[in-house]
Amino acid sequence: MSQARPFREQAIENLNALPPFPLVFYKILDITENVHGSRDELLRALSLDQAIVAKVLQIANSAYYGLEKKVSTVDRAVALIGENMVREVAIYCSTYVILRRPLARFRLSARQFWEHSVTASLAARCIATRKIPHIREKALVAGLLHDIGKLAMDGLIDQNLEEEIQERLEKGRPLDEIEKDLFGIDHCEAGCLFAEKWSFPDDIRDAISYHHRPGQAADHLHLVYLIQVADKIAHVLSAGINIKDFLELQLNATDWDAAIGYLGLSRDEAELLFPDIEAELRGNEVFLEL
Ligand SMILES: [Fe+2]
Ligand SMILES: [Fe+2]
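Counting restarts for each chain: residues are numbered from 1 in the order of the written sequence. Chains carry letters and ligands carry numbers; both start at the beginning, A for chains and 1 for ligands, and go up in the order they are written. Reporting of local features is limited, given that this is a predicted model, to residues whose pLDDT is at least 70; pairs of side-chain atoms are given and counted only at 80 or more, and all residues count toward the totals for whole chains, interfaces and linings.

Novice: What's the story with the overall build of the protein in this structure? I'm lost.
Specialist: When helices and strands are counted, the protein shows 17 helices and zero strands. For this measure, only C-alpha atoms enter the radius of gyration; the expected value for a globule follows 2.2 Å times N^0.38, where N is the number of residues. Its C-alpha radius of gyration of 19 Å places the protein within 12% of the 19 Å reference for a compact globule of 290 residues. Overall size of the protein, expressed as C-alpha extent along the three principal axes, is 60 × 45 × 35 Å. By the burial criterion, 40% of the 290 residues in the protein qualify as buried. A pair of residues counts as a contact when their C-beta atoms, built from backbone coordinates, are within 7 Å of each other. Of the contacts made within the protein by residues no fewer than 6 positions apart, 63% connect residues no fewer than 24 positions apart. Numbered from the N terminus, helices here are DSSP runs of H or I no shorter than four residues, and strands are runs of E no shorter than two. Whether a residue is buried, exposed or partly exposed follows from its count of other C-beta atoms within 10 Å of its own C-beta, namely 20 or more, 12 or fewer, or something in between, respectively; the C-beta atoms are built from the backbone.

Novice: When you look at the confidence of the model for the protein in this model, what are you seeing that I'm missing?
Specialist: Per-residue confidence for the protein gives a mean pLDDT of 90, with 95% of residues at or over 70. A score from 0 to 100, pLDDT tells how confident the predictor is in each residue. For the protein, per-element mean pLDDT is lowest for helix H1 (residues 4-16), which scores 84, and highest for helix H13 (residues 202-210), which scores 97.

Novice: Can you walk me through the environment of Ser117 in this structure?
Specialist: Within the secondary structure, Ser117 is located in helix H7 (residues 110-131). Those residues in contact with Ser117 that lie beyond four places of it in its chain are Leu99, Leu144 and Asp147.

Novice: Looking at this model, I keep getting lost on unusual backbone geometry. Mind explaining?
Specialist: A negative phi holds for most residues other than glycine; trans holds for most peptide bonds. Even without being glycine, Arg107 reaches a positive phi, approximately 60°. Secondary-structure assignment places Arg107 in the loop between helix H6 (83-99) and H7. A tally of 11 C-beta atoms within 10 Å means that Arg107 is categorised as exposed.

Novice: Would you explain the packing of H7 against helix H17 (residues 267-283) in this entry?
Specialist: A pair of packed helices is captured by two measures, namely the crossing angle of their axes and the spacing between those axes. Close contact between H7 and H17 brings their axes to 9 Å; oriented N to C, the two are set at 125°. Taken together, the axis directions place H7 and H17 in an arrangement best described as oblique. Judged by the sense of rotation from one axis to the other, the crossing of H7 with H17 is right-handed. Where H7 approaches H17, its residues Thr119, Leu122, Ala123, Cys126 and Ile127 are matched on the opposing element by Leu273, Asp276, Ile277, Glu280 and Leu281. For the contact of H7 with H17, the residue count by class is seven nonpolar, one polar and two charged. Only the contacting stretch of a helix is used when fitting its axis, a line to C-alpha atoms as for every element, and angles between N-to-C directions run 0 to 180 degrees. For classification purposes, angles smaller than 35 degrees are called roughly parallel, those larger than 145 roughly antiparallel, those between 65 and 115 roughly perpendicular, and all remaining angles oblique. Crossing handedness is defined as follows: a turn of the near helix away from the far one that is anticlockwise and smaller than a right angle gives a left-handed crossing, while the clockwise case is right-handed. Each residue is assigned to one class: nonpolar for Ala, Val, Leu, Ile, Met, Phe, Trp, Tyr, Cys and Pro, charged for Asp, Glu, Lys and Arg, and polar for all the others, Gly among them.

Novice: Where do I start with the environment of Ala152 in this structure?
Specialist: Summarising the element assignment, Ala152 is placed in helix H9 (residues 150-153). Sequence-wise, Ala152 and Phe194 are 42 residues apart; in three dimensions their C-alpha atoms are separated by 8.8 Å. Ignoring anything within four residues of it in the chain, the contact list for Ala152 reads Ala11, Asn14, Leu15, Ala190 and Phe194.

Novice: Quick question: what am I supposed to make of the environment of Glu248 here?
Specialist: Looking at the secondary structure, you find Glu248 in helix H15 (residues 243-250). In sequence terms Glu248 and Gln58 are 190 residues apart; their C-alpha atoms lie 42 Å from each other.

Novice: Looking at this structure, how should I read helix H5 (residues 74-81)?
Specialist: In an α-helix, one full turn covers 3.6 residues, which means residues spaced three or four apart are oriented alike. Buried within H5 we find Val74, Ala77 and Val78. Projected down its long axis, H5 shows its buried positions confined to an angular sector of 100°, all on one face. Note on H5: the residue one or two positions beyond its end, Gly82, has a positive phi of about 90°. Throughout, the arc means that of the directions going from the helix axis to the C-beta atoms.

Novice: Would you mind showing me how to read helix H10 (residues 159-170) here?
Specialist: Compared with the 16 Å implied by 1.5 Å per residue over 12 residues, the 17 Å span of H10 between its first and last C-alpha is a close match. The element H10 is largely exposed, with a buried count of one among its 12 residues. Note on H10: the residue one or two positions beyond its end, Gly172, has a positive phi of about 90°. One less than the residue count of a helix, multiplied by 1.5 Å, gives the span that helix is expected to have.

Okay, structure coming up:
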């Protein structure tokens, strides 16, 4: 316990060392908050960041590679792939620079961490589209950012602790519990501090803070439970775990039943999510290679 404070301070230092989110990210979030956010606002927001515009155009072109004429303006990209898609592409492009980092102590390469974040975001969007369509875009953003606190935790872990963490994980202890035990702070709380520092909307902050313990959240419960389920699905898909085996294990896991129940999904409906999310992933591979 005596070491808890220095670790916590170090985690905060690690957070402070991360670069800020691009301004365009906030502008797009604002537009997402406002259901009447106009196309002109979207174009204005994107005009702030030419690097992101270039990425958006690159994706519009690769999604429509059959076009004879290349998409060379955001205006044309909006006309072709729609405002929603352009907004989502801009969200991926503007978070990529922060999130695509290796987490050596979690044994994740930059690509693996990014892939987990993208998979959780697509899973969250897929579930929201079926059950809670009005939070569809929030779901995508929260899914993408849910593990951002791991960026602060990675630097705290030395070789000995890495082994200790692995041993405890193998014994079935949840990661957030292990982190809390060893460092006095877990990646959920570190993510919450990050969300506060960078003024993320409250619902996204709560989804990040409670994605491992949704029962502790007081607000925004749909989004929080949704991210818990999306995170689990992303782990199953990226670890290549057999889906039937996973679902069998969940028969005795009250947290899975509670989460899918909160989202209005039966066990059968939850099972059917997996192939649909895998199809979404195949259809959005372009986001893995930004
Ligand atoms: Fe997590
Ligand atoms: Fe996760």
